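# Inside the fold
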Amino acid sequence: TPRAKRLYIAACCLLALLALAAFLVGNVWALLVLSLLTVGSPFIMMAATWCMQPVEKSINNGFLEDAKRIIREMPRLQVVGITGSYGKTSTKVILGQVLSEEYHTLITPESYNTPMGVTLAIRNMLKPTHQYFVTEMGARQPGDVAELCALVQPTIGILTAIGHQHLETFQTIEAIADTKFELIRALPADGLAIL
């Protein structure tokens, strides 16, 4: 992927700089450092990933803004957001089947339920002819559903269930419920909430 190529180039540049520094210090040290670089290549990749974070964030933000633009340019599109501790994918697939009997409907593929997954679906699959866009909204921490709502601007929200999934990141069932209800709070005044 383009991201993997950028990461690989950054890692190669870091390795080249370290090898040059090792060479300038002297032959014995150069051999030792180059040996350590071979063994420590996972750490080089971690450092390259850290160095590339601002670049990747900028690129991702561009993709997110493009997806928001696409949604804005489709004012008649009905966006259905689906979240919950479980049952999201099944609900999305069943609702997509029902809606597609009468409307041109797109559902997010597989478990594309993160901002970048939903963005990918919007940019690659959503067409001006679609009447409904059914999107699954996953969450591993507070604010995740709100971020997805800011992206797709749902007019219909379906909350399937509140359960103990991801309790390790949420800490309490109340935090899970509050995060899932970010979808309901994001709906417009004339929106429809289904619990």
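Residues numbered from 1 in each chain as written. Predicted model: local features only at pLDDT ≥ 70, side-chain atom pairs only at ≥ 80, totals over all residues. Heavy atoms only, no water.

Scanning the protein chain for helices and strands turns up 9 helices and 5 strands. Starting at the N terminus and ending at the C terminus, the protein chain contains elements arranged as α-α-α-β-α-β-α-β-α-β-α-α-α-β. Projected onto its principal axes, the C-alpha coordinates of the protein chain cover approximately 75 × 40 × 25 Å. Across the 195 residues of the protein chain, 36% fall into the buried class. Nonlocal contacts in the protein chain, meaning residues at least 24 apart in sequence, comprise 74% of its contacts between residues at least 6 apart. For the protein chain, the exposed area adds up to about 11,600 Å²; of that, 64% sits on carbon and sulfur atoms. (Helix = DSSP H or I, 4+ residues; strand = E, 2+ residues; numbered from the N terminus. Buried < 20%, exposed > 50% of the residue type's maximum accessible area, 1.4 Å probe, protein only. Contact = heavy atoms within 4.5 Å. Areas by Shrake-Rupley, 256 points an atom, 1.4 Å probe, with all protein chains shown as cover.)

Take the nonpolar core next. If you look at the biggest cluster of nonpolar residues, it comprises 26 residues, and the most contacted ones within it are I122, L126, F133 and V152. Of all the elements in the fold, those that place two or more residues in this core are α3 (41-72), α5 (115-125), α6 (144-152), α8 (173-180) and α9 (182-186). Once you skip the residues sitting within four places of it in the chain, I122 turns out to touch A67, I70, I71, F133, L151 and V152. (Core = buried A, V, L, I, M, F, W, Y, C linked by side-chain atoms within 4.5 Å.)

The phi dihedral of E110 falls on the positive side, at around 45 degrees, and the residue is not glycine. The residue E110 is located in the loop between β2 (105-107) and α5 in this model. Its identity is not glycine, yet Q153 carries a phi of approximately 55 degrees, on the positive side. Tracing the chain through its elements places Q153 in the loop between α6 and β4 (156-159).

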